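Inside the fold
Below are the chains, spelled out letter by letter.
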Protein chains: 2
Amino acid sequence: MSILVMKFGGTSVADLDKIKNAAEKVQREVARGHKVIVIVSAMSGKTNELVGWVGKTSPLYDAREYDAVVSSGENVTAGLLALTLQEMEIPARSWQGWQVPLRTNSAHAAARIEEIPRANLDAKFDEGMQVAVIAGFQGISPEGRITTLGRGGSDTTAVAFAAAFGAVRCDIYTDVDGVYTTDPRIEDKARKLDRIAYEEMLELASLGAKVLQTRSVELAMRFKVPLRVLSSFEENTDTSGTLVCDEDEIMESNVVSGVAYSRDEAKMTLISVADRPGIAAAIFGPLSEAGVNVDMIVQNISEDGRTDMTFSCPTDQVLRAERAIKEAKELGEINFQELVADTDVAKVSVVGIGMRSHAGVAARMFQALRDEGINIRVITTSEIKISVLIERKYMELAVQALHDAFELDRAA
Amino acid sequence: MSILVMKFGGTSVADLDKIKNAAEKVQREVARGHKVIVIVSAMSGKTNELVGWVGKTSPLYDAREYDAVVSSGENVTAGLLALTLQEMEIPARSWQGWQVPLRTNSAHAAARIEEIPRANLDAKFDEGMQVAVIAGFQGISPEGRITTLGRGGSDTTAVAFAAAFGAVRCDIYTDVDGVYTTDPRIEDKARKLDRIAYEEMLELASLGAKVLQTRSVELAMRFKVPLRVLSSFEENTDTSGTLVCDEDEIMESNVVSGVAYSRDEAKMTLISVADRPGIAAAIFGPLSEAGVNVDMIVQNISEDGRTDMTFSCPTDQVLRAERAIKEAKELGEINFQELVADTDVAKVSVVGIGMRSHAGVAARMFQALRDEGINIRVITTSEIKISVLIERKYMELAVQALHDAFELDRAA
């Protein structure tokens, strides 16, 4: 018995017609002999409506009640899809998180999956069930209360089921037809990738590519679940979409696989910080406590016992960051001359596992930007990624220039 | 610890403001020292929306999936009311049917309650919970699937909790302020009753008074649960609304407590039926199998081995009834000359436990109708009820005449 996991997001089950369309995708896989586990999101808009009601009712809500309320949207979709499949004479039934049970910890609204026992579903598969439709995004805590998994929870649910049931693949149906070399709205030569390595997808997701949630990619990588991203709204073939897989399964790839960007970045610099052991902790501890998501960090060479410290964070966290740093200064924990915030920057990154074995990627990147007259403010690198902060008005130009420089419009 | 059960219907929790209003009613009872079990319906309109989706998806739906879908509305309200109570600093939490657990049989979409174990709720009450908010209308089957209780399921849930927890009372909050001697839209002298006996309420509910579901009244009567019907939208005092209780607790009452009516009745007569033992079964068996709800049945005196058989049913079941009877004739199971349907009738009834000890109620009723020139087509009686079928255009007039004749505008 080969099990396939399929996941349909909110736009893919937005109304009864779209649910019918999703059911036809499932039907095709059943016809191929798969037993199918389908994970569904709430109809698009429904979860936001529920979240809105909770927020209005109780600004500092009890996360346990939040979970009880917001999980209800997925239950509706799961039942409706099971009914649609039954109308097609496919033996199907819906499962809510607690019925599986999908066991999580008690971190309500952001729960971690702990275990998905196979017994209940397997018993029904043995009795002839062809399709198990699972309400995504939800589970049950050790206390028997409903939990939700937080952002991207349905993708994560899908990958977790695929891992638990040894699925041949996990297909994520969405409103785009795959992962692109960059955002096609910015670069019309952007090319859909047939395959991408887990590590690359992870970097791209972290950098803001919306197509998959970071957490689901991490889980897929850990359990080696082949993950395919494809469109709900097109006819699909066996090679549709983009396969996220182990790098061993990618025969040839470009040095760089994709160009990512993030528009809402701010750069903050503490000028002339008294440099001493522990100074980084003294700065970034308070920022972390204030809930500031610090991304890039750069420290200049120290001169005369003083240095400049620069970091980036999302634009909407600048005020919070300033307050945290000023408080730390008032408490005497840090000492600096001036705090300068530049909210007019954007981040552009190139990502590719090919960088590991190819020298000169950074040089080629910086050259391409220089050729366009784009000044680089901050640089950070990882093993498979180089990111730069630049003036925001050059963002689109930089993405296009890098896409060209690394010849991403052409397959390897 | 005294436990009070409160139930809020769909119009009483239709939006966040109304939920707030319901929470204030609960708060008042908590302040009086009650532990409270609140049963909630879905926000008005929500269940109909879900039922509509199921019907469109699958006309002959799997009732298990129907239940999984339509039960979700109550979960939302339960969570939102719990949050609202928490905002008022009242320790509250929501419970879905399977969490309690409210155990039912497997008759999906029309399940019967089998057991409500107290352990889970009691443990939380012991830990300091003041209010348990229960999603009404739903339970869990022996197979671990979600069930719903069918029409009036939330009222029934409320009474069942009151019985299981030995509640001091079960308060049903709705959009009217109690049970009236008759419909105030027809008779403006209609008077709200302070008290009404279970048996009377049961007859009135069966006769079409919408304020309480028959099933919940039956359950309240069986377990001697005092049931109070009162308005969500008024300031309530200890004696607001109508108390449905044992007749022993009603000191004085009118001979007749109320006048009920049903507009959509049809009268059907089989003329010159060959009278023989078993003829009634031969007629009403097929009707029952065809799903016709036969109400009144009258058989004339037999002459020459032939008789007329008259029965009533809802207007919209006439075609179904005709078909069933014609089929039975074709199969030779019954033999009659003619089938006459009269869809232009209405049923008017007087109800009162006082009838048991007072003679002459029927005579007074028939006199009042005769005085208005209203012809009676069919009569049936029970121990505490007399119903007549009359021409529909006289229905309002008959209700008013009977209300006057039995002096229902004056308390006993």
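Once a new chain begins, its residue numbering starts again from 1 and follows that chain's sequence as written. Here the convention is simple: chains get letters from A, ligands get numbers from 1, in the order in which they are written. Whole-chain, interface and lining totals are the exception, using all residues; otherwise, since this is a predicted model, local features are given only for residues with pLDDT of at least 70 and side-chain atom pairs are given and counted only at 80 or more. With hydrogens and water excluded, all non-hydrogen atoms of the structure serve as input to the side-chain values.

As annotated in an unreviewed UniProt entry, chain A is Aspartokinase from Dinoroseobacter shibae. UniProt positions are given in the numbering used here, feature names are shortened, and annotations may be inferred rather than shown by experiment. UniProt annotates chain A under Sequence similarities (unreviewed entry) with the comment "Belongs to the aspartokinase family."

**Thoughts on the domain arrangement of chain A**
How big an interface is tends to be expressed through the accessible area that disappears when the partners come together. Here the bounds of each domain stem from an automatic or database domain assignment. When cut into domains, chain A gives domain 1 (3–175) and domain 2 (259–405). Here domain 1 of chain A and domain 2 of chain A have C-alpha centroids that lie 39 Å from each other.

**Observations regarding unusual backbone geometry**
The omega torsion across Val100(A) and Pro101(A) is -15°, close enough to zero to call that bond cis. In this description a helix means any DSSP run of H or I spanning at least four residues, a strand means any run of E spanning at least two, and both kinds are numbered starting from the N terminus. Inspection of the secondary structure assignment puts Pro101(A) in the loop between strand 3 (92–95) and strand 4 (103–104). Of note, Glu89(B) is a non-glycine position whose phi angle comes to about 65°, a positive value. Inspection of the secondary structure assignment puts Glu89(B) in the loop between helix 4 (72–87) and strand 3 (92–95). Residue Glu89(B) is classed as exposed on the basis of its relative accessible area of 72%. For the exposure calls, accessible area comes from a 1.4 Å probe over protein chains only, and a residue counts as buried if that area is under 20% of its type's maximum, exposed if over 50%, partly exposed in between.

**Structural notes on the side chain of Thr181(B)**
Residues and elements named next belong to chain B. Among the secondary structure elements, Thr-181 is positioned in the loop between strand 9 (169–174) and strand 10 (195–197). The class of Thr-181 is buried, set by a relative accessible area of 0%. One polar contact links Thr-181 to His-403, side chain to side chain, over a distance of 2.6 Å. Those residues in contact with Thr-181 that sit more than four places away from it in its chain are Ala-190, Arg-191, Leu-193, Ser-257, Gly-258, Val-259, His-403 and Leu-408. A 3.5 Å cut-off defines polar contacts: any pair of N or O atoms within that distance qualifies, except that in protein one atom must be a possible hydrogen donor and the other a possible acceptor, and neighbouring residues in sequence count only when both atoms are side-chain atoms. Any pair of residues with heavy atoms lying within 4.5 Å of one another is described as a contacting pair.

**Structural notes on the pattern of salt bridges**
Residue and element names in this part refer to chain B. What makes a salt bridge here is a side-chain nitrogen of Lys or Arg within 4 Å of a carboxyl oxygen of Asp or Glu, nothing more. Taken as a whole, this structure holds 52 salt bridges over all chains when the rule is applied. As a salt-bridge pair, Lys-7 and Asp-155 come within 2.8 Å of each other at their nearest N and O atoms. Of the two residues, Lys-7 is situated in strand 1 (residues 3–8) and Asp-155 in helix 6 (residues 153–164); the sequence distance between them amounts to 148 residues. As far as burial versus exposure is concerned, Lys-7 and Asp-155 are alike and both buried.

**Let's talk about the interface of chain A and chain B**
Across the boundary between the two partners, chain A contributes 36 residues, which contact 36 residues of chain B. Summing both sides of the interface, chain A and chain B together bury roughly 3,000 Å²; the carbon and sulfur share of this comes to 63%. On the surface where chain A and chain B come into contact, there are one salt bridge. The closest approach of N and O atoms between Lys46(A) and Glu49(B), which form a salt bridge, is 4.0 Å. Taken together, chain A and chain B are joined by eight residue pairs in polar contact (both at pLDDT 80 or more). When two parts are brought into contact, each loses some accessible area as probed by a 1.4 Å sphere; the total of that loss over both is the buried area.

**Let's talk about the sheet that holds strand 15 (residues 306–314) of chain B**
Residues and elements named next belong to chain B. On the basis of which strands lie adjacent, the open sheet formed by six strands has the order 14-15-13-16-18-17 and antiparallel pairing. The open sheet is flanked by strand 14 (297–299) and strand 17 (376–382), the only strands paired with a single partner. When strand polarity is set aside, the average angle formed by the axes of neighbouring strands in this sheet is 25°. Sheet topology places strand 13 (residues 258–274) next to strand 16 (residues 338–351); eleven bridges connect them, and they run antiparallel. Opposite Ser-262, over in strand 16, you have Lys-347 as the bridge partner. To obtain an axis, a line is fitted to C-alpha atoms, over the contacting stretch when the element is a helix, and the angle between two such axes runs from 0 to 180 degrees between their N-to-C directions. Across the face of the sheet, helix 9 (residues 279–289) comes into contact with strand 13, strand 14 and strand 15 while running at roughly 25° to strand 15. Strand pairing follows a simple DSSP-based rule, namely that at least 2 bridges must link the two strands.

**A short note on the relation of the copies chain A and chain B**
To line up the copies, we fit them by least squares on C-alpha atoms, keeping just the residues with pLDDT of at least 70 in both. Note on the identical chains: chain A maps onto chain B by a rotation of 180° and an axial translation of 0.0 Å, with an RMSD of 0.1 Å. Both copies are brought into coincidence by an operation consistent with a two-fold rotation axis. For chain A, the minimum C-alpha distance to the rotation axis belongs to Ser72(A) and amounts to 2.7 Å.

**A word on the UniProt feature "binding site: substrate" (unreviewed entry) in chain A**
Residue and element names in this part refer to chain A. Per the UniProt record, "binding site: substrate" (unreviewed entry) is found at Thr-47 and Glu-74. These annotated residues cover 28 residues of sequence, and their C-alpha atoms all fall within 8.5 Å of one another, placing them together at a single site. Considering the arrangement of structural elements, one finds Thr-47 in helix 2 (residues 46–57). When sequence neighbours within four positions are dropped, the list of residues in contact with Thr-47 reads Ala-42 and Glu-74. Filtering out sequence-adjacent residues up to four positions away, Glu-74 remains in contact with Val-40, Ser-41, Ala-42, Thr-47, Ala-135, Gly-136, Phe-137 and Gln-138.

**Section: the sheet that holds strand 2 (residues 35–40) of chain B**
All names here are of chain B. Read across the open sheet, the eight strands follow the order 3-6-2-1-9-11-12-10; overall the sheet is mixed. The open sheet has two edge strands, strand 3 and strand 10, and neither has a second partner. If you compare each strand with its neighbour and ignore which way they point, the axes differ by 20° on average. As paired strands, strand 1 and strand 9 are joined by five bridges and run parallel to one another. The residue of strand 9 that forms the bridge with Val-5 is Cys-170. In the packing of helix 4 onto the sheet, contacts are made with strand 2, strand 3 and strand 6 (131–135), and the angle to strand 6 comes to roughly 165°. Running at roughly 85° to strand 10, helix 7 (residues 198–206) makes contact with strand 10 and strand 12 (242–245) of the sheet.

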